[in-house]
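Each chain is listed here by its residues.
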Amino acid sequence: MFGHFCGGEDLRTIQPTVENLKRSGIGGILDYAAEADVGADVTISTASADSDVPTTTRSNQALAREYSYQTERQCDANVKIFETAIRAVHGVTPDGFAAIKVTALGNPILLERWSTALREIYKLFGRMDVDKDGMVTFEEFTNVWNQLFVGDSMEIIINDMFKRFDKKGKGFIDPIAWTTTLDPPLMRRLAGYCKKQGSFAQAVLTTDEEKLVKSMQSRLRRLVALAADLNVRLMIDAEHTYFQPAIDNLVLSMQREFNKNTDCVYQTIQCYLKDARTRNQLFMDQARIENWQLRRRKNDRHYSCLLNLNECRR
């Protein structure tokens, strides 16, 4: 079993396998099999759904988050192993890929919490977009704000918030401006104005969780920077759907930075999911507006292929 599925344990043992595949016209994706799920080496305690502990996206069960230093140390160790894999691609199969699992770079509970927060951010945009034309006008923003939020000097706050999202003064907010502007600190500020402490307020990350998210981002950026220096392409695997919004957010931030003039970072799209078409369109629009190269692997359970932005438009 090991000999059938494992390409090798180090650069020396991988090379004959890669060269044998090359002779048959087959490229390689070096994948270090490190990933985790909620429940694997993490401590979870439960609370009732109406408690103050934020709920998860998979059920009405609430998770009391306990992030151990042991998990963080393991994530740091995984970075070094991924770096070895990237250098192996550079040395053995420079036209190939190195595959990365984001769940090896951060606590899976944190990924699920962050994904829950991102879903609440998307849902709030849907409520703001009253006429469902994909844009939020100042009138829509004001009307929904007054329904959901409360505070002193509301007119000043509303104007200030709208300008934060509408940086170019177009008079409306599009989904891209919304999702790139409404980061965890701003989400916490909005939650402070909520009339009711519902799912949006409960999904807000704590300051400690924000620090852990930044550590995760730093680990991934370190790997992408190394890959860019070595001209190696990185493919970020898709994982459980309850992690995917956070993974997408991480990958898009790396593509925005590193895919300006090259195709360094590839994202995986699970095309069998119901929202895949909508997400694909949003990603394509974002890449076009911000002028970077969108690179993706399409996964439909049966096969996968690598796509660039032009191919996705066909």
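Please read these numbers as outputs of a predicted model, since none were measured by experiment.

Each value, and the rule that gives it
- Each chain carries its own residue numbering, running from 1 in the written order of its sequence.
- Whole-chain, interface and lining totals are the exception, using all residues; otherwise, since this is a predicted model, local features are given only for residues with pLDDT of at least 70 and side-chain atom pairs are given and counted only at 80 or more.
- Side-chain descriptors were evaluated using all non-hydrogen atoms of the structure, hydrogens and water having been removed beforehand.
- Helix and strand assignments follow DSSP, with helices taken as H or I runs no shorter than four residues and strands as E runs no shorter than two, numbered in order from the N terminus.
- Think of it in three bands: with a 1.4 Å probe and only protein chains considered, a residue is buried below 20% of the maximum accessible area for its type, exposed above 50%, and partly exposed in between.
- Residues are treated as being in contact if the distance between any of their heavy atoms lies within 4.5 Å.
- Computed with a 1.4 Å probe, the accessible areas rest on the Shrake-Rupley method; for each residue, only the protein chains presented here act as cover.
- Here a strand pair is declared whenever DSSP counts at least two bridges between the two strands.
- Handedness is read with the strands pointing away from the viewer; a crossover is right-handed when the path from the first strand over the helix to the second is clockwise.
- Only the stretch in contact is used when fitting a helix axis, every axis being a line fitted to C-alpha atoms; angles between N-to-C directions are given from 0 to 180 degrees.
- As a working rule, the residues Ala, Val, Leu, Ile, Met, Phe, Trp, Tyr, Cys and Pro are called nonpolar, Asp, Glu, Lys and Arg charged, and the rest polar, with Gly in that last group.
- Buried Ala, Val, Leu, Ile, Met, Phe, Trp, Tyr and Cys residues form a nonpolar core when they are joined through side-chain atoms within 4.5 Å.
- Stacked, edge-to-face and tilted labels apply to pairs of Phe, Tyr and Trp rings (six-membered ring for Trp) whose centres lie within 6.5 Å, assigned for plane angles under 30 degrees, over 60, and everything in between, in that order.
- In predicted models, pLDDT denotes the confidence assigned by the predictor to each residue on a 0 to 100 scale.

**A short note on the overall build of the protein chain**
Secondary structure summary: the protein chain contains 13 helices and ten strands in total. Out of the 314 residues in the protein chain, the part that is buried amounts to 46%. Long-range pairs, those at least 24 residues apart, make up 68% of the contacts in the protein chain with a sequence separation of at least 6. Here the protein chain displays about 16,400 Å² of accessible surface, and carbon together with sulfur accounts for 50% of that area.

**Let's talk about the pairing of strand β7 (residues 233-236)**
Relative to β7, strand β4 (residues 97-100) is paired through four bridges, and the arrangement is parallel. Bridging from a neighbouring strand, isoleucine 100 pairs with isoleucine 236 of β7. Direction of pairing for β7 relative to strand β8 (residues 265-270): parallel, over a ladder of three bridges. Bridging across to β8, leucine 234 finds its partner in valine 265. Traced from β7 through helix α11 (residues 244-258) to β8, the parallel crossover comes out right-handed.

**Observations regarding the packing of helix α4 (residues 108-128) against helix α5 (residues 138-148)**
At a minimum axis separation of 9 Å, α4 and α5 run at an interaxial angle of 115°. Taken together, the residues of α5 that come into contact with α4 (itself represented by Leu124, Arg127 and Met128) are Glu140, Phe141, Val144, Trp145 and Leu148. Across the contact of α4 with α5, the residue classes break down as six nonpolar, no polar and two charged.

**Details of the nonpolar core**
Met128, Phe141, Trp145, Phe149, Ile173 and Trp178 are the most contacted members of the largest nonpolar core, which totals 67 residues. The residues touching phenylalanine 149, leaving out its near neighbours within four places in the chain, are Leu124, Met128, Met154, Leu190, Tyr193, Cys194 and Lys195.

**Quick notes on the environment of aspartate 95**
With respect to the secondary-structure elements, aspartate 95 resides in the loop between α3 (69-92) and β4. Placed 137 residues apart in sequence, aspartate 95 and valine 232 show a C-alpha to C-alpha distance of 7.5 Å. Those residues in contact with aspartate 95 that lie beyond four places of it in its chain are Lys22 and Arg233.

**What about the packing of aromatic side chains?**
Summed over the entire model, instances satisfying the criterion amount to ten aromatic pairs. On the basis of an interplanar angle of 85° and a centroid distance of 5.1 Å, the ring pair of phenylalanine 97 and tyrosine 266 is categorised as edge-to-face. Placement of the pair is phenylalanine 97 in strand β4 and tyrosine 266 in strand β8, with a sequence separation of 169 residues. The same class applies to phenylalanine 97 as to tyrosine 266, namely buried.

**Topic: the confidence of the model for the protein chain**
Taken residue by residue, the protein chain gives an average pLDDT of 80. The fraction at 70 or more is 78%. Looking across the protein chain, the model is least confident in strand β2 (residues 43-47), with a mean pLDDT of 36, and most confident in strand β5 (residues 136-137), with 97. In the predicted structure, residues 40-55 sits below a pLDDT of 50 and forms 38 contacts with residues beyond four places in sequence or in another chain. Note that residues 59-65 has pLDDT below 50 and, in this model, 28 contacts with residues that lie over four places away or in other chains.

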